[in-house]
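One-letter residues, chain by chain:
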Amino acid sequence: MARTDLTLGELTPRDHAFYGLIWAGTTLSARIDQALTRAHGLPLSWFEVMLWLSVQREPVAASDLGAKTLLSRSQVSRVIDQLQARGLVERLPSPTDARSVCVALTPAGRTAFAEADSTRREALREVFDERLDDEDVRALETVWAKLKGKGGNAPG
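None of the values given here were measured: they were computed from a predicted structure.

S.K.: What's the story with the overall build of the chain in this structure? I'm lost.
M.R.: Across its full length, the chain carries six helices and three strands. The order of α-helices and β-strands along the chain, N terminus first, is α-α-β-α-α-β-β-α-α. Here the C-alpha coordinates of the chain stretch approximately 60 × 40 × 35 Å along the principal axes. Out of the 156 residues in the chain, the part that is buried amounts to 26%. Only carbon and sulfur atoms are counted for the fraction: they give 55% of the accessible area of the chain, which is about 11,100 Å². Measuring between centres, the 20 positive side-chain charges of the chain sit 5 Å from its 21 negative side-chain charges.

Right under this line is the structure:
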């Protein structure tokens, strides 16, 4: 059977921009997930939790991670369980609420994160370093800031 070249037809510039964002996010996430899983056995969801933990000065409540990541609170809880089983995070008693626990990277977790982050940067090098110049990156930053400013739940 002959293959048909599918097209979305005529899209408005706004529709094209929206689908472009979806395509970019999906494509880049899949690329990073594959690279991290292959090199470190760390899916992108694990890496995202580790990313947030890596820049905190103190252990954080799992609920705070659930509010910041692109994961649901139940997903965050499962990821923390899996990271703890690998010795990459630890649960600590909350200093302010005896019923709660906080989460922090272990020294092994910090090492694993640094190695995985290097892999992530290398996997994105072709896109961000070879295709986009500094002006393109600044334009993306401007767009993300505008989108986040209008009730967006984007990280950062």
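So much for the structure itself; the text now carries on.
S.K.: I'm lost on the side chain of His-40 in this one. Help?
M.R.: Tracing the backbone through its elements, the reader meets His-40 in helix α1 (residues 13-40). Only 3.5 Å separates the side chain of His-40 from the backbone oxygen of Glu-115, close enough to count as a polar contact. Once residues within four sequence positions are removed from consideration, His-40 is found in contact with Arg-86, Glu-115, Ala-116 and Thr-119.

S.K.: Looking at this structure, how should I read the side chain of Ser-94?
M.R.: Looking at the element boundaries, Ser-94 is found in the loop between β2 (89-93) and β3 (101-105). A distance of 3.1 Å separates the side chain of Ser-94 from the backbone nitrogen of Asp-97, its partner in a polar contact. In this view, Ser-94 contacts Ser-100, Val-101 and Cys-102; residues no more than four positions away in its chain are not counted.

S.K.: What exactly am I supposed to notice about the nonpolar core here?
M.R.: General note: in soluble globular proteins, nonpolar side chains tend to be found buried as a group. The biggest cluster of nonpolar side chains holds 26 residues, and the ones touching the most others in it are Val-49, Met-50, Leu-53, Leu-65 and Leu-83. Broken down by element, this core gets its largest block of residues, six residues, from helix α2 (residues 44-54). What Val-49 contacts, discounting residues up to four positions off in sequence, is Leu-65, Leu-71, Val-79, Ile-80 and Leu-83.

S.K.: How do you make sense of helix α6 (residues 134-149) when you look at a structure like this?
M.R.: Since one α-helical turn is 3.6 residues long, residues separated by three or four positions face the same way. Given a rise of 1.5 Å per residue, 16 residues ought to cover 22 Å, and the 22 Å separating the end C-alpha atoms of α6 matches this to within 8%. The distance from a side-chain oxygen at the start of α6 to the backbone nitrogen of Glu-135 is 3.1 Å, and the residue carrying that oxygen is Asp-133.

S.K.: Please explain the packing of aromatic side chains as it appears in this structure.
M.R.: Two descriptors summarise a pair of aromatic rings, namely the distance from one centre to the other and the angle between the planes of the rings. Taken as a whole and judged by the stated rule, the model has two aromatic pairs. An angle of 70 degrees between the planes, with centres 5.0 Å apart, marks the rings of Phe-18 and Tyr-19 as edge-to-face. Under the relative-accessibility criterion, Phe-18 is labelled partly exposed at 45%. Here the aromatic rings of Phe-47 and Phe-113 are separated by 5.1 Å at their centres, their planes lie at 20 degrees, and the arrangement is stacked. Separated by 66 residues along the polypeptide, Phe-47 in helix α2 and Phe-113 in helix α5 (residues 107-129) bring together distant segments of the chain. Per residue, the accessibility class of Phe-47 equals that of Phe-113, and both read buried.

S.K.: What exactly am I supposed to notice about the packing of α1 against α5 here?
M.R.: Angle between the axes and distance between the axes: these two values describe a pair of packed helices. One way to put it is that α1 packs onto α5 with a least axis distance of 9 Å and a crossing angle of 140 degrees. As far as their axial angle goes, α5 and α1 are oblique. Relative to α5, α1 is oriented so that their crossing is right-handed. When α1 is examined against α5, the residues Leu-28, Arg-31, Ile-32, Ala-35, Leu-36, Ala-39 and His-40 are found in contact with a partner set consisting of Glu-115, Ala-116, Thr-119, Arg-120, Ala-123, Leu-124, Glu-126, Val-127 and Phe-128. Looking at the contact of α1 with α5, its residues break down into 10 nonpolar, two polar and four charged.

Parameters at a glance
- Residues numbered from 1 in each chain as written.
- Predicted model: local features only at pLDDT ≥ 70, side-chain atom pairs only at ≥ 80, totals over all residues.
- Heavy atoms only, no water.
- Helix = DSSP H or I, 4+ residues; strand = E, 2+ residues; numbered from the N terminus.
- Buried < 20%, exposed > 50% of the residue type's maximum accessible area, 1.4 Å probe, protein only.
- Areas by Shrake-Rupley, 256 points an atom, 1.4 Å probe, with all protein chains shown as cover.
- Lys, Arg positive; Asp, Glu negative; His and termini not counted.
- Charge placed at Lys NZ, Arg CZ, Asp CG, Glu CD.
- Polar contact = N/O pair within 3.5 Å; in protein donor to acceptor, adjacent residues only side chain to side chain.
- Contact = heavy atoms within 4.5 Å.
- Core = buried A, V, L, I, M, F, W, Y, C linked by side-chain atoms within 4.5 Å.
- Expected span 1.5 Å × (residues − 1).
- Phe/Tyr/Trp six-rings, centres within 6.5 Å; stacked < 30°, edge-to-face > 60°.
- Axes fitted to C-alpha atoms, helices over the stretch in contact; angles between N-to-C directions.
- Parallel < 35°, antiparallel > 145°, perpendicular 65-115°, else oblique.
- Left-handed = near helix turned anticlockwise from the far one by under 90°.
- Nonpolar A, V, L, I, M, F, W, Y, C, P; charged D, E, K, R; others polar.

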